[in-house]
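As a plain string of letters, each chain reads:
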Amino acid sequence: MKKITALLAAAFITAAAYAQQNTTITATIKDLPAGQWVYWRSQGNDDRRDSVQTTAGGFTIKTNIAPGEADFYIIQIGKKVWRQ
């Protein structure tokens, strides 16, 4: 269920990027504990990455995506998806 929700959120951010410059993704995941890290990054641009912590039952990602910068995004809960 978590993977499906994250995949849907990634598809949503790509679609939302075409519609508006300011983008918010809100995910609700049953039994998700608070305090876990959610990492997201652009598949095509390593400079577009960030992280947020979960609240009980979900998370919210707020970002700005300029028109024309839409890409595929990877969202993963609990494990960093990029190298420092």
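Residues numbered from 1 in each chain as written. Predicted model: local features only at pLDDT ≥ 70, side-chain atom pairs only at ≥ 80, totals over all residues. Heavy atoms only, no water.

### Remarks on the nonpolar core
What tends to happen in soluble globular proteins is that the nonpolar side chains get buried as a cluster.
Then, number 1: Residues I25, A27, I29, L32, V38, W40, V52, F59, I61, I65, Y73 and I75 constitute the largest nonpolar core, which totals twelve residues.
Then, number 2: At the level of secondary structure, the elements contributing two or more residues to this core comprise β1 (22-28), β2 (37-42), β4 (58-64) and β5 (73-77). (Core = buried A, V, L, I, M, F, W, Y, C linked by side-chain atoms within 4.5 Å. Buried < 20%, exposed > 50% of the residue type's maximum accessible area, 1.4 Å probe, protein only. Helix = DSSP H or I, 4+ residues; strand = E, 2+ residues; numbered from the N terminus.)

### Topic: the sheet that holds β5
Then, number 1: Spatially, three strands are ordered β3-β2-β5 in an open sheet, and the strand pairing comes out antiparallel. Bordering the open sheet on either side are β3 (49-53) and β5, each of which pairs with just one other strand. Pairwise comparison of adjacent strand axes, ignoring direction, gives a mean angle of 15° for this sheet. (Pairing = 2+ DSSP bridges. Axes fitted to C-alpha atoms, helices over the stretch in contact; angles between N-to-C directions.)

### Things to note about unusual backbone geometry
Then, number 1: Here D31, not a glycine, exhibits a phi torsion of approximately 65°, which is positive.
Then, number 2: Within the element layout of this structure, D31 appears in the loop between β1 and β2.
Then, number 3: Since its relative accessible area comes to 68%, D31 is described here as exposed.

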